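Residue strings, one per chain:
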Amino acid sequence: MIMVTGANGQLASLTLQELAEHNVPALGGSRSPAEGQRRLDFDAPATHDLTSVSTLVLVSAGYAEDDQVIARHQRVLDAAVRDGVTHVIYTSLTGDGDHLGFALAHRATEHLIKASGLNWTILRNGLYAELFATLLTWTPDGLESAFGDGALSAVARADLAAAAAVVAGDPTAHAGKIYDLVGEPITAPDIAESLGVTHRSIGLSEYRGRLLADDTLLPFQPPMLASIASGVRHGFLGNTTPDLVQLLGRPLTDPLTVTTDTAAALRPDAC
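Residues numbered from 1 in each chain as written. Predicted model: local features only at pLDDT ≥ 70, side-chain atom pairs only at ≥ 80, totals over all residues. Heavy atoms only, no water.

Student: What's the story with the side chain of T15 in this structure? I'm lost.
Tutor: For T15, the position within the fold is in helix α1 (residues 10-21). Those residues in contact with T15 that sit more than four places away from it in its chain are V4, A161, A164 and A165. (Helix = DSSP H or I, 4+ residues; strand = E, 2+ residues; numbered from the N terminus. Contact = heavy atoms within 4.5 Å.)

Structure follows, in structure tokens:
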């Protein structure tokens, strides 16, 4: 049996949907399980029941400080070893993201997985096209960002879910593999042009100041978001690889279309 963690999250739910569409039996694990899912709360070890699970798709529990994320992943991996899981598939971060503020927890988890004795596959996911759109700010004059003219090899979330489903459906064929799953490079000016508006670039200092002044953000989030802006702006996240196309066996979903559509939906005057 396949289990996908974080089952009610966007990536995991799409992965389960992909598996279902290909008639591959899979179980969702969630802190708040829906009908037919198993309760699995990363912060409650008593819920880490992985009996009957042969392949675990470990969707990163990355929404926290590094020590908390790493501890969560370690506990689930311990349960996987205890309960007889044979293969773990981890949704990590693209190799070009090593400098990002949230990379350490991913790389530490990769080390834990390799040391666990389990068979493994690591999916180093690029940044979502949908995320890129949310990091642009709408103004009365158009779009604003700290990305400058830098490119991001953005990838549609659905393509990453499809890749995870491909690997989960035949884990033995992908054992010991690290895949770097990124899309085609796009820029903030590209998105603005596609929307028929202008793009204004702001400096990183101004951007960080805005983040620090936003009381809706958790303490770890401003440096994380600033690191994405700096990485894109300075050309560290625009490389491509063939891995995702090869896994999917089809062309990628156009990241510019996904980003543009998401940004358009976020426009304050959008109907």
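So, next bit.
Student: Looking at this structure, how should I read unusual backbone geometry?
Tutor: Most peptide bonds are trans, and most residues other than glycine sit at a negative phi. For N23, which is not glycine, the phi torsion reads 55 degrees and is therefore positive. Classification of N23 as exposed rests on a relative accessible area of 70%. Of note in the backbone geometry, S52 takes a positive phi value of approximately 75 degrees without being a glycine. If you trace the backbone, S52 turns up in the loop between β3 (38-39) and β4 (55-59). (Buried < 20%, exposed > 50% of the residue type's maximum accessible area, 1.4 Å probe, protein only.)

Student: Just checking my understanding: could you explain helix α6 (residues 188-195) for this structure?
Tutor: Every α-helix winds through 3.6 residues per turn, so residues three or four apart in the chain are directed the same way. Among the residues of α6, those classed as buried are A188, I191, A192 and L195. With its buried residues spanning 100 degrees around the axis, α6 presents them on a single face. Along its buried surface, α6 packs onto α4 (129-134), β7 (137-139), β8 (142-145), β11 (185-187), β12 (198-201) and α10 (255-266). Trailing α6 by a residue or two, G196 shows a phi angle of about 75 degrees, which is positive. (Arc of directions from axis to C-beta.)

Student: I would appreciate a short explanation of the pattern of salt bridges in the present structure.
Tutor: Opposite charge on two side chains makes pairing possible when the charged atoms of those side chains draw close. In the structure shown here, the tally under the stated rule is 14 salt bridges. A salt bridge links E110 to R124; the shortest N-O distance between them is 2.7 Å. On the criterion of sequence distance, the pair formed by E110 in helix α3 (residues 103-115) and R124 in strand β6 (residues 119-125) is long-range, its members being 14 residues apart. There is no split in this pair, since E110 and R124 are both buried. Ionic pairing is found between D269 and R267, a salt bridge with its closest N-O pair at 3.4 Å. Look at D269 and you get exposed, because its relative accessible area is 56%. If you follow the salt bridges from partner to partner, you end up with D98, R107, E110 and R124 in one network. (Salt bridge = Lys/Arg side-chain N within 4 Å of Asp/Glu carboxyl O.)

Student: Even after reading the chapter, I still don't get the nonpolar core, so can you show me in this structure?
Tutor: When a protein is soluble and globular, its nonpolar side chains tend to lie buried together. L143, F147, I191, Y207 and I228 are the most contacted members of the largest nonpolar core, which has 36 residues in total. Ranked by residues supplied to this core, first place goes to helix α8 (residues 221-233) with six residues. Setting aside residues no more than four positions away along its own chain, Y207 makes contact with L135, A146, I202, L225, A226 and A229. One finds I2, V4, A7 and V59 within the second-largest nonpolar core, a separate group that totals 25 residues. (Core = buried A, V, L, I, M, F, W, Y, C linked by side-chain atoms within 4.5 Å.)

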